[in-house]
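Spelled out from the first residue to the last, the chains are:
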Amino acid sequence: MKNIGKILIALFGFAVCGSGYAKDSIEDAYDLYAPSGKTTKCWLHVSGETKGGRVSFEKGKNPLVVRDENGNLMEKDPNYETRYVMLDFWGGEDNRAFNLHRMVEAPEGKWVKYVLTFKPRKAGKIRIEFGPYVGHQHYPDKSMYQYRDLAYARYAKLESVNAKLKDPDFKNPKTWGMQKYYYFKEIKSAVVTDEEAPGGKCLRATGRISQEFAVKAGVPVTITFFYRSDDYFKAKK
């Protein structure tokens, strides 16, 4: 009971607003939680809804034909498993043309190359978001725990065709939008050494990461990136 009390007090301290917020990092999770395994799913979301306006996506079959920057058919990476992602329209009736998504399997502790394609209907800015899927635990009465699950993931070597994204080598965590959690304001992310990653280094971050970029009307976009699952933490009650 004493340990439970300490955990609740610590979590409450993280949730309180104020200047102390900035001193807390996601690494404190290891003091409150024990990893319960690895993430096994990756959530992918392409949104045409940004502060700059709305960009809808063309309906039809996808993945579209995947070509590299020279117009040649893109080949699978011989050193890593390559998965071509079929994106679906997501959201309410008014939003489906503006949001694409897919939940994909992420083999535990294994680097996978994901390839996704889509075609914007008009020019503008869109946002891509990807990372581990985390759930929300429930009490027996179906009400949700106060805190969500949280998870780390690793990202490496992003490439794009007909779109220019910043930090394709994941060397600068500040380039990416980071998912925030209720009880941690500062998300701990860092470039770390990983001998199995393309190039030997990768970005290790908590939750999903995102970035906005420009697209052209009717020009198909291809985005590829490498992803690896990492520590997963079940929420405390």
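For the structure, check the block above.
Residues numbered from 1 in each chain as written. Predicted model: local features only at pLDDT ≥ 70, side-chain atom pairs only at ≥ 80, totals over all residues. Heavy atoms only, no water.

Draft legend 1. Inspection of the overall build of the protein chain at higher detail. Looking only at helices and strands, the protein chain has two helices and 15 strands in total. Among the 237 residues that make up the protein chain, the fraction classed as buried is 46%. When contacts within the protein chain are restricted to residue pairs at least 6 apart in sequence, those whose partners lie at least 24 apart make up 78%. Accessible surface, the protein chain as shown: approximately 12,800 Å² in total, 50% of it carbon and sulfur. (Helix = DSSP H or I, 4+ residues; strand = E, 2+ residues; numbered from the N terminus. Buried < 20%, exposed > 50% of the residue type's maximum accessible area, 1.4 Å probe, protein only. Contact = heavy atoms within 4.5 Å. Areas by Shrake-Rupley, 256 points an atom, 1.4 Å probe, with all protein chains shown as cover.)

Draft legend 2. Seen up close, the nonpolar core. Val46, Phe118, Phe130, Tyr155, Ile209, Phe213 and Ile223 are the most contacted members of the largest nonpolar core, which totals 34 residues. When residues of this core are traced back to their parent elements, those giving at least two are β2 (41–47), β7 (99–105), β8 (112–118), β9 (124–132), β10 (150–161), β13 (201–206), β14 (209–215) and β15 (221–233). Once you skip the residues sitting within four places of it in the chain, Ile223 turns out to touch Tyr114, Val115, Leu116, Phe118, Ile128, Leu158, Glu159, Ser160, Leu165 and Phe213. By size, the runner-up hydrophobic cluster in this structure holds six residues, among which are Tyr80, Trp111, Ala156 and Ala197. (Core = buried A, V, L, I, M, F, W, Y, C linked by side-chain atoms within 4.5 Å.)

Draft legend 3. Geometry of the pattern of salt bridges. Summed over the entire model, instances satisfying the criterion amount to 14 salt bridges. One salt bridge in this structure joins Lys119 and Glu58, with 3.8 Å as the shortest N-O distance. Here the residue Lys119 occupies a position in the loop between β8 and β9, and Glu58 occupies one in the loop between β4 (53–54) and β5 (81–85), the gap between them amounting to 61 residues. Take Lys119: its relative accessible area is 22%, and that puts it in the partly exposed class. Arg208 is the partner of Glu129 in a salt bridge, and the nearest nitrogen-oxygen pair spans 3.6 Å. Pair noted here: Glu129 is in strand β9 and Arg208 is in the loop between β13 and β14, with a separation of 79 residues, a long-range link. One salt-bridge network, held together by shared partners, links Lys38, Arg154, Asp194, Glu196, Arg204, Arg228, Asp230 and Asp231. (Salt bridge = Lys/Arg side-chain N within 4 Å of Asp/Glu carboxyl O.)

Draft legend 4. Seen up close, the packing of aromatic side chains. As enumerated under the stated definition, the model contains eleven aromatic pairs in all. Here Tyr114 and Phe225 contribute two aromatic rings whose centre-to-centre distance is 5.8 Å and whose plane-to-plane angle is 45°, an arrangement assigned as tilted. Of this pair, Tyr114 sits in strand β8 while Phe225 is found in strand β15, placing the two residues 111 residues apart along the sequence. Assigned by exposure class, Tyr114 and Phe225 land together as buried. Judged by centre distance (5.7 Å) and plane angle (65°), the ring pair of Tyr155 and Tyr227 falls under edge-to-face. Taken together, the residues span a long stretch of sequence, with Tyr155 in strand β10 and Tyr227 in strand β15 at a distance of 72 residues. Tyr155 gets classed as buried once you look at its relative accessible area, which sits at 0%. On the basis of relative accessible area, Tyr227 is assigned to the buried category, the value being 1%. The ring of Phe98 has Arg54 sitting right over it, with the charged end atom 3.7 Å from the ring centre. The ring of Tyr152 carries Arg204 above its face, with NZ or CZ at 3.8 Å from the centroid. (Phe/Tyr/Trp six-rings, centres within 6.5 Å; stacked < 30°, edge-to-face > 60°. Lys NZ or Arg CZ within 6 Å of the ring centre and 35° of its normal.)

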